[in-house]
Amino acid sequence: MSARRLFWFGSAAPAIASVLLALLLAGLVMVITGSDPIAAYSALVQGAFLRPGTATRPTAFFETLVSATPYLILALGISLGFAAGLFNIGAEGQLYMGALASVSVGFLVKGLPWFIHLPLALAAGVVAGMLWASIAGWLKATREAPEVVTTIMLNYIAYAVVNYMVNGPLRHTGTAPRTPDIEPSAVLPTLLPPPERLHWGLFLAIAAAVGYYFLMNRSTLGLRIRLVGENRHAARYAGINVNQTYLITMALSGALCGLAGAVEVLALYRYLPTEFTVGYGFDSIAVALLGQGNPVGIALAALLFGAMANGAGYMQFSAGVSNYIIAVVQAFIIVFVAAPGIARDLLVSWWARWLPRRAKEGEA
Amino acid sequence: MGEPILQMRNITKRFPGVLANDHIFFDLNRGEIHALLGENGAGKTTLMNIFYGLYQPDEGEIWLNGRRVTIHSPKDAIALGIGMVHQHFTLVPTLSVTENVILGAETGRFGVLDLAQPRQRILAIARDYGLEVDPDALVKDLPVGVQQRVEIIKALYRNAQVLILDEPTAVLTPLEVERLFETLRAMVRRGVSIIFISHKLKEVMAIADRITVLRQGRVVGSTTPAEADEAKLASMMVGRPVMLQVEKLPAQPGEVVLSVRDLRVMSDRRAVAVDGVSFEVRAGEIVGIAGVEGNGQSELVEAITGLRAPVHGTVMLCGQPLPHALPRAAIDAGMSHIPEDRHKYGMVAQQPLAVNLTLSTFHQPPFAQRGLLRWVTIREHARRLIREFDIRAPHELVPIASLSGGNQQKSVVARELSRPLKLLVAAQPTRGVDVGSIEFIHKRIVQARDAGAAVLLVSAELDEIMSLSDRILVMFKGHIVGERDARTATREEIGLLMMGRVKEGAA
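A short tour of the structure in this document, coming up. Computed from a prediction, not measured in an experiment: that's the story for all the values here.

Some thoughts on the overall build of chain A
When its secondary structure is counted, chain A shows 14 helices and zero strands. For chain A, the N- to C-terminal ordering of α and β elements is α-α-α-α-α-α-α-α-α-α-α-α-α-α. For chain A, whose C-alpha radius of gyration is 22 Å, the value lies close to the compact-globule estimate of 21 Å for 364 residues. A principal-axis box enclosing the C-alpha atoms of chain A has dimensions of 75 × 60 × 35 Å. Of all intrachain contacts in chain A linking residues separated by at least 6 positions in sequence, the fraction that spans at least 24 positions is 78%.

Brief notes about the interface of chain B and chain A
The partner chain A presents 15 residues to the 23 residues of chain B that form the contact. At the level of elements, α10 (327-332), α11 (342-346) and β20 (372-373) of chain B are the ones that each hand at least two residues to the side of chain B that touches chain A. Residues that form the side of chain B that touches chain A fall into these classes: 15 nonpolar, six polar and two charged.

Examining the packing of helix α4 (residues 91-108) of chain A against helix α5 (residues 114-143) of chain A
All names here are of chain A. In contact at an axis separation of 7 Å, α4 and α5 are set at 145° when each is read in the N-to-C sense. Between α4 and α5 lies a crossing whose hand is right-handed. Contacts from Gly93, Gln94, Leu95, Met97, Gly98, Ala99, Leu100, Ala101, Ser102, Val105 and Gly106 in α4 reach Leu120, Ala121, Leu122, Ala124, Gly125, Val126, Val127, Ala128, Gly129, Trp132 and Ala133 in α5. For the contact of α4 with α5, a count of residues per class yields 15 nonpolar, seven polar and no charged.

As for the sheet that holds strand β24 (residues 479-485) of chain B
All names here are of chain B. In spatial order, the strands read β18-β21-β22-β15-β23-β24; together these six strands make up an open sheet with mixed pairing. The open sheet has two edge strands with one neighbour each: β18 (335-338) and β24. Mean inter-strand twist for the sheet, computed between neighbouring axes without regard to direction, equals 15°. In the packing of helix α15 (residues 435-450) onto the sheet, the strands contacted are β15 (286-290), β21 (423-427) and β22 (454-458), and the crossing angle to β22 comes to about 145°.

Notes on unusual backbone geometry
A cis amide bond links Pro194(A) to the next residue, Pro195(A), at an omega of 5°. Position of Pro195(A) among the secondary structure elements: in the loop between α6 (147-167) and α7 (201-218). Here the bond from Pro365(B) into Pro366(B) is cis, since omega is 5°, no more than 30 degrees from zero. You can see Pro366(B) is positioned in the loop between α12 (353-356) and β19 (368-369). Despite not being glycine, Ala325(B) has its phi angle at roughly 55°, a positive value.

How each quantity is defined
- Residues numbered from 1 in each chain as written.
- Chains lettered and ligands numbered in written order.
- Predicted model: local features only at pLDDT ≥ 70, side-chain atom pairs only at ≥ 80, totals over all residues.
- Helix = DSSP H or I, 4+ residues; strand = E, 2+ residues; numbered from the N terminus.
- Rg over C-alpha atoms; globule rule 2.2 N^0.38 Å.
- Contact = placed C-beta atoms within 7 Å.
- Nonpolar A, V, L, I, M, F, W, Y, C, P; charged D, E, K, R; others polar.
- Axes fitted to C-alpha atoms, helices over the stretch in contact; angles between N-to-C directions.
- Left-handed = near helix turned anticlockwise from the far one by under 90°.
- Pairing = 2+ DSSP bridges.

Below is the structure:
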């Protein structure tokens, strides 16, 4: 079997099948609840890709890219963990810590030119996410504490820390609990004039995807991470320091999640509110699973989730279908990706039915 | 001996990309032991799994007692009087022998389990067939040989008329094998018919009435022990003449390379597995460690190679003590290790063959530079080893899992011998490997010795120890209970030492 076919049957086809099945089943749910799935999905596509912008409303497709940006960066970080066999459920917490550090550097440091201040603010977010994740990595490496448990617990601590800082030491003078605005020199700029919000974070995300590809396929560290993830006994036998690899991988994973937080606040909010993401860190686990460890796949999955997040509002408004149906679609995707056997079996049976027909057509 | 009880006609089974059974005819007479001989991957187990209802054949018919039968599941097979003892036992360790035997065939009233009656039947079966076992013992407390008896009793308890034994001697000592053979003969006398699956020539010659050889999914031929000899069977299995004896010149031991001093190692269950073991291996000699599996050999090897920290003692390589539990240090000091469990330690299954051939060296030149992999060099290296070690692989980038067991093992051997080495630790180097590959691996190990490496060979196969070693150490319950010169040692002598019976005057 050629490498291309292996890729196609091994990962791409089941992932695509999972999405199609999820859309189909969610459509069924809509039919049962008396809605029109075709109207809903066409509104979703309208709202996510096709609606043009106006003087006050940004272009739909660009907004989808804005939503996809954090998904992509976070999912790359989570996928990195998967590669080493680590389940980083702490993306959300690492994102919060990254955002907190970036905003702090953004408004506390003054008088720097943008080409120093902006990278500094971004770096602060990266380092904060990295350190936060390293706590879990360190506990895993030295105390064999399962990272699933520690990262999820660290999420709660991160929420509390951000809440405390925003309500306390870092609170601005206004009424709402939030930090002051960051200096203009720390803003990650938009690419187009308002009302468009598309910003440079998109390119940072794409650069992260390219970096991910090179790390995993070209570097010794990436191979080391994959070997540890696939068979840690054999990795140890081959002289790889497994615990050190866990620590490094967790740190890199957290660095990406921190970057996602930095990008969100430096580009979009430009201050830190108490609650500023809607579970990006958790949705991104689904994005990572759907992307199957392949950077192109992760990017497409991020685009899909960005589109669903962005198109949901218009779907509710124009087709009258609750935007919670999007959560149903996402949940079905997770089920099918997590239990690949279901999608694969269906796929194989369709394939088996289609192949003979195609063969006959070929003869005719 | 008599009329055929079983006939498998024209059985064909295809798996994606593999023709596992290719129009196979196989028959079994009542009261006969019919051996099914073949290398790994020859299709023996597939054929028997079809007979036992685990697979459905794509073509062909099964006739049992003169009737055509269709066997959909093991349940059908059991109902038809077919029993199977798998290579890996299917016992529940925490249950008693009786409970294990009746599992799935429980009797009782109103949901209350009746254990007394089955217990009596088990004792009766044990008496009739010489399968001595305590029905109340917990399975986890029993030695492997006794666990196997429980498996056989399980089949007989269900009134098996045809018993399939899949590689039954793999886990047994020579004495236990003798005992098993006595049981099989007793069963045959009582009218049970036996299919004996094996790749071991000696055993097949000793026990079988008839022998059918499979190769690459086809029947190569049938014969009897009277008509055939080991060399003939081997060449039937492999398809070409095979050297069964390892050709080697006398060893010329040099400097001490490996020196183990007073080593004490705990097992995973925190019991003392290696209890104060000391020995040396010199350059240019092969020291074999014989012993029944589970007597501390695995832990000893793990301690030497850095996979497990000893609680006491030292391991010195060329006079330098090795740090505990640091495989990297051992590798860098010139140690190569063919691990006993290649699936756990020896390979990363889904990674390409090329990666597996550089598993412990990919991070250093010439395979990497400044943290970046040099795939071209890695692939060239792989292609060279594939040629040199005759690894049958379509391409160096296929996952190693897609190769046959023999070729996987050859890959491990190729990797470990392709580094400059001072010490080779070879643990069960030919386990689950076909005859052709065994011959090749043995030759390579002797070559490594002749090139001046010290070789520590650990094997549960007495034949392998006897034919490869220059010096033999026998391990029993964590101790080395004897040392013999391989040129003068006899199988019987080593076999007794493996049972812990130290003769007077011996070490």
